[in-house]
Every structure is written in C-alpha cells, then in structure tokens.
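# Descriptive analysis of the structure
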Amino acid sequence: MRKRDLISGSFFFILGIYLIGGGSKLQFGSFSTPKTGFFPVILGVSLIFLSVISIGKALASERSKENHLFFKTNSLKIVFLFSTMIAYGVLVEIVGFLGTTFLWFSSIMLILKSGSPIKAFLYGAFASFACYVLFNILLQGQFPRGFVGI
Amino acid sequence: MLSSGMIDQILQGLSIAVTPLNLFYCFFGCLIGTLVGVLPGLGPVASIALLMPITYKLPAVSAIIMFAGIYYGAQYGGTITSVLMNIPGEATTVVTCIDGYQMTLRGRSGPALGIAAFGSFIGGSFAIFGLMLLAPPLAQLALKFGPPEYFSLILLSLALISYLGTGSPLKALIVAIFGMAVGTVGMDIETGIPRFTHGINTIYNGIDIVPVIMGMFGLTEVIINLEEGVTAQLVKAKIKGLLPNRQDWRDSKGPIFRGTFIGFFLGLIPGGGALISAFASYVLEKKISKHPDKFGHGAIEGVAGPETANNTGCIGAFVPMLSLGLPFNAITAILLGALMIHGVEPGPLFIPQHPDIFWGATTSMYLGNVILLVLNLPLIPLWVQILRIPYLLLAPIILLICLIGVYSCNYNTVDIYLMLIFAGVGYGMRKFGYEPAPFILGMILCPMIENAFRQSLIMSDGSFSFFFERPISAFFMIMAIAVMVTYMIPLARKKKKIVKVNL
C-alpha cells in the first residue's frame, strides 16, 4: 500500500491547497464573522494536515511488491461501458428515450455477453420496452421523445 | 412504560402502515432487500440508490417504508449465501459464514437458516420497540441543542465513524473531509455566493446526492464485479428441517437475548450499526461460552447471536437518524437523503412535525419483520435458484436502472456525467484503500456542520472556548478529542518504532 498511500496522500494534499486557494478568493471573513470562503479554508487546512500524516506514514512503512492498480481483467469492456454511458447522455435527447435505451442495451449485451446480434437486439427490445412501460407510462416520467417521437 | 399518548400514536402508525399501498411497499422492500442480500455484489446501499428515483412520485412515508424494508431485508438475505455457500451476501453476515457454513457441511443448514430468521425476528421486534421508546424523548432533548451542541455532536460522529469503520481511521477521516469539500460546492446558503461551480449552472444549487450515490455505490460495484469476474457457485446441498429443535433453542436463547441488546445499543453509536454488532456479538458469545472450542465448527450460538445483532443494529441506527437528523452509517445517510428529496427536513422537529412518517415507518418495520419471517423460510430454495443468474446479464440491467434513475432526477444529462465522474472517484477510492461510506456521510453532513460552526463562532464572537463552556457541547467535544487522540497515539508510537528500527 506504500505507493498507493503516497499517491493518494499527495492527491489530497493538492486538493487541500486547492480548497485553501479557492476559499481565499471568496470572502473569508474572520473568526467572529465567518463568510463564504471560511469553511472551505478550514477543510483545506484539515485535509493538508491529515494528508501529511498519511504521506509520512507511507514513507515510514516498508516497501512491498504491489499488484496491478486498475482493471485486472475486462479492461476494454469497462472502458466501453463508460463510453456507451457517455453516449447515452448525448443521444437520449436527440434520438429519444426508447430508441437510445434500445441501442444502448443491445450494444452492451453484444459486448458483455458476446452472444449473437439477434439475441442482443431481442434483449435490447425487451429491456427498452419494459423500461418505457415502467418509467414512462406507469411512473409518468417526462422522458425526451427525440426525432423518433416516442 | 407506554403512555396512552404513545399507544394512540402506535395505533395511528399502524393504520398508516396497513394501508394497501404501504403494505405493498413494505412487502416489495423486504423482497428486494432479501434479493440484493442474496446476490453478492449488490448491496442495500446501491439498491436504495437505484430505487430512489422510482419513489419520487410516492408519499414520503411509503418511500421510507420501502427503503427500510430493503435495509433489514438485506440482512436476512445475506445470511442465506453465508450459510449455504460460505459467501457473505452482505458485509454484516461475514461472521455468519464461520459457523453457519460449518453447520451446512454437517447437514444442518436448515436449523442454521431457521435460527437466523427467528433470531432476527425476535431481535428486530425488540429493537423496533426500543426505537419507539427512545426516539421521541431523544428528539425532545435535541430541541435544547443549539449550534455548538450540533457542531460538537457531528464532530464526534465523524470521529467515531472514522474510528469504528472497517478500514484505516485516518483514511476514513480524509474521505469524510473530501466528502464535505464536495458538499461545499454550490451556492452558500447565507451569502448566496457560488462556490467552486466554475460557471456550471447545473451545480449552482449544489451537487445532487443521487448521482453521487449511484456512481460511487451502484456503478462502482458493477465495475469492480466485472473486473473481478463474480461467479456464483451452484448450490447442491438439500435444505431440510428449517425449524430448530429444542436443544437448538436452548443453546440459542442466550445469544439471541444478548445479541438484541448488543445490536440495538451499538446501532445507536456513530459508525456502529449492523456490521460491528455482528462481530461484537460473536466475540462475546465465544468468550462467555462453556465450549469456546465448538465455535468455528458449527456452533449454533455463532449464528444466532450475530444474526440477531445485525438485524437489531440496523433498526438501532434509525434512532439517531429519526430523532436527531444525523445519519451514523451510509445507509441511514441515504435514507436521510431520500427524506430530504421528499421535502422532509430531518432533525429534532421531524417527529413532532411528521408523526405520520415516524409512526407509520416504525410500525411498518414490525410488519416487515413478520413478512420477512413468512417470506424467507419457505422461499429459501427460490433464493438459491436466483444465484444462478449470470452476472453478465445482471450487470447491464443494473447499469440501465442507474442511467434512467439518475436522468429522471432532473431530466438533465449533466446528472449522468456527474454519476460517471463519481463512479470514477469511487473506483479510485476503492483501489487506494478508501471506504466510500464516510464520503457520503461527509457530503450529507456538510451543510449542517458548516452552519452550526459558523453560527457558533458568530454567537461566541470567534471564541473556540465557547464549545467547552456549554455542558452538552463540552461533553461531545471532549469525547471527540478523546476518540481522535485514541487513534493518533498508536499511530505516533508505530512511527517511533519504525524510526528506531531504521536507526
């Protein structure tokens, strides 16, 4: 954990500096009349204090062999998942709720399950229809219709 | 013990809890809770976060009834995988694996599951009674609290949460401050000046808690599970004789009794709740047992005590949340968030202002315990079958609910991006050994602690000694300092030791 603690401790140290910097730009006030920037500065100081302890603790600990930090397996699938979710955000207001949900679910099934495209589209159709009924009709959500109109 | 006024309120609560709509949501919550408890990798925190948008159109009392059902239902569900497969469905049922699975290997899975269900029911029923008795007077007492008392109490809560958490106290404290830092984003309530918004209008009113919870718990959980390749082993063991025999009851009555008290009182403490209660109960039972060597080899006491304690601890954790408006663990923090979404301001005035929600929710917990007892014993074979669903089919469904759920909060795509950002933050935190729960607590408690701190300083003209001048505040402050010193001293000693070795 030594390397990880050093990295995370440094991150929180920088975050503490950012909070002090950001808080100071706002009105700090005084201890008797604290203003907008007062609390972020207090948080920043506390974060710097604790992160210094964390870094010190990490430096004092012994070196050990550390395993992979991120994505042991399925790294491509996870990156793809994130990308499709960003795409969902972009498309939902253009294509509409039903169409985007269908496209998203089908593509996810195609990648995760690695099955046939027909099966993936069937899953997509079922999931998007079920969501449409549940969220749009039963729960009366106001989802975008997009150019498809539904 | 029970005044006529309280009996009236219980009856009023019962009349709310037994309406067809609330009964349905109680049943639905228990069902979903058991399901997520059974499925490893999908906990009650993520499930409540996922279902939160569905409750927007429901009355607040129905939403809380359903969420409470998920919370205690998950404790029942987690037991099933712990006993049958040696896989804890929930962190709170880790301890049950030790003797529960050994009982399964000896062909006694039925009594193990049976005593867990009965113990949870008995403990849960007592805890609900305790909640009804304790919460209203505590809320009355809290009405006397001013800003310094609130500030010192929240400080003590954060210290205890960090100290009693599962990981490093230092890291928990850092994460709690990180959560508070995120909580400061948006308009300052007192001056109206925006903070750290960087011109993004959507976060002018602050970062919504729902995308944060869904990202950090729901999405992160899916990523971690996909990365680690969660697979469920098929259960072949036949489950028979769910009702414990006379000897089982004789061995279990003490652990159930003690588990009830341990669970309830540890549930009241910040950072306590179901997890610590279960561990404390197991340790106590082993310590006082005439046959400690039996523990770890299928002792029914090792199942009865912790199972009672974890269920009781869940309900105990509702006391500070409902009476003081302070969440002491991640789940009650989310429940508090759910109340706030429904326009209910938690705090000491919650019970007098919303008696329908308080009494409706507490009485429904009793009904929920009955439902769980009836639901679980006959349905255990069905829950086992559910474990056969491949995770690669479950994951896209969870992700889709996350996407739609978070989007339906404000019908704004920024919430989707926020969820993805916080999924990244949550994933990073897990990889670097930081628990996400204190982050959520810090974020939720931030406005309360900031207001209390600023108001206290204005009241005292900037004097910090003010926190020690008022007796209740001084008590909380001294306790908070004592807790922090307790975990700072071993840290310093350890450092000294290492320096000596290096020399």
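Reading the values: the criteria
- Residues numbered from 1 in each chain as written.
- Chains lettered and ligands numbered in written order.
- Predicted model: local features only at pLDDT ≥ 70, side-chain atom pairs only at ≥ 80, totals over all residues.
- Heavy atoms only, no water.
- Helix = DSSP H or I, 4+ residues; strand = E, 2+ residues; numbered from the N terminus.
- Rg over C-alpha atoms; globule rule 2.2 N^0.38 Å.
- Buried < 20%, exposed > 50% of the residue type's maximum accessible area, 1.4 Å probe, protein only.
- Contact = heavy atoms within 4.5 Å.
- Salt bridge = Lys/Arg side-chain N within 4 Å of Asp/Glu carboxyl O.
- pLDDT = per-residue confidence, 0-100.
- Buried area = accessible area lost by both parts, 1.4 Å probe.
- Phe/Tyr/Trp six-rings, centres within 6.5 Å; stacked < 30°, edge-to-face > 60°.
- Lys NZ or Arg CZ within 6 Å of the ring centre and 35° of its normal.
- Patch = residues over 30% accessible without salt bridge, like charges linked within 9 Å, V, L, I, M, F, W, Y side chains within 5 Å.
- Areas by Shrake-Rupley, 256 points an atom, 1.4 Å probe, with all protein chains shown as cover.

### Considering the overall build of chain B
Secondary structure summary: chain B contains 21 helices and 2 strands in total. Since a compact globule built from 503 residues should have a radius of gyration of about 23 Å, the 23 Å found for chain B is in line with a globular shape. With the C-alpha coordinates of chain B rotated into their principal frame, the extents come out at 70 × 65 × 55 Å. Of all 503 residues assigned to chain B, the portion counted as buried reaches 62%. Considering only intrachain contacts with a sequence separation of at least 6, the fraction spanning at least 24 residues in chain B is 78%.

### Focus on the pattern of salt bridges
Inspection of the entire model under this criterion finds 9 salt bridges over all chains. Here A:Asp5 and B:Lys171 are joined by a salt bridge, their closest N and O atoms 2.8 Å apart. Of this pair, A:Asp5 sits in helix H1 (residues 2-25) while B:Lys171 sits in helix H8 (residues 169-183), which puts the two residues in different chains. Just as A:Asp5 is buried, B:Lys171 falls in that class too. Put simply, B:Arg258 and B:Glu285 hold a salt bridge, and the shortest N to O gap is 2.9 Å. Taken as a pair, B:Arg258 in helix H10 (residues 246-268) and B:Glu285 in helix H11 (residues 274-288) lie far apart in primary sequence, 27 residues in all.

### Overview of the confidence of the model for chain B
Residue and element names in this part refer to chain B. For chain B, the average pLDDT comes to 82, and 90% of its residues sit at 70 or higher. Low pLDDT, under 50, characterises residues 495-503; the predicted model gives this stretch 3 contacts beyond four residues in sequence or across chains. In the model output, the complex is listed with pTM 0.79 alongside ipTM 0.91.

### Focus: the interface of chain B and chain A
Listed per partner, the contact involves 64 residues of chain B and 68 residues of chain A. Taking both sides of the interface into account, the surface hidden between chain B and chain A amounts to around 5,900 Å²; carbon and sulfur atoms contribute 78%. Taken as a group, B:Phe196, B:Ile404 and B:Phe432 account for 11% of the area that chain B buries against chain A, more than any other trio of residues on that side. Inspection of the region where chain B meets chain A yields 1 salt bridge.

### With respect to the environment of B:Leu284
Residue and element names in this part refer to chain B. You can see Leu284 is positioned in helix H11. In this structure, the C-alpha to C-alpha distance between Leu284 and Leu418, residues 134 residues apart in sequence, is 44 Å. When near neighbours in sequence (up to four residues on either side) are disregarded, Leu284 contacts Arg258 and Ile262.

### Comments concerning the packing of aromatic side chains
Pairs of aromatic rings are described using the distance from one ring centre to the other and the angle between the two planes. In total, this model carries 37 aromatic pairs over all chains according to the counting rule given. Where A:Tyr88 meets A:Trp104, the ring centres are 6.3 Å apart and the plane angle is 85°; that geometry is what we call edge-to-face. Placement of A:Tyr88 in helix H3 (residues 75-95) and of A:Trp104 in helix H4 (residues 97-112) is noted, with a sequence separation of 16 residues between them. Across the pair, A:Trp104 and A:Tyr88 agree in class, each one buried. Linked through ring pairs, A:Phe28, A:Phe31, A:Phe38, A:Phe39, B:Phe151, B:Phe453, B:Phe464 and B:Phe467 together constitute an aromatic cluster. Between the NZ or CZ atom of B:Lys171 and the centre of the ring of B:Tyr434, over which it lies, the distance is 5.0 Å.

### Observations regarding a nonpolar patch on the surface
Residue and element names in this part refer to chain A. A surface patch of nonpolar side chains, about 640 Å² in accessible area, is lined by Ile86, Val90, Leu91, Ile94, Leu103, Phe147 and Val148. Sort the elements by how many residues they give to the nonpolar patch and H3 lands first, with 4 residues. Structurally, the position occupied by Phe147 is in the segment after helix H5 (117-138). The exposure class of Phe147 is exposed, given its relative accessible area of 65%.

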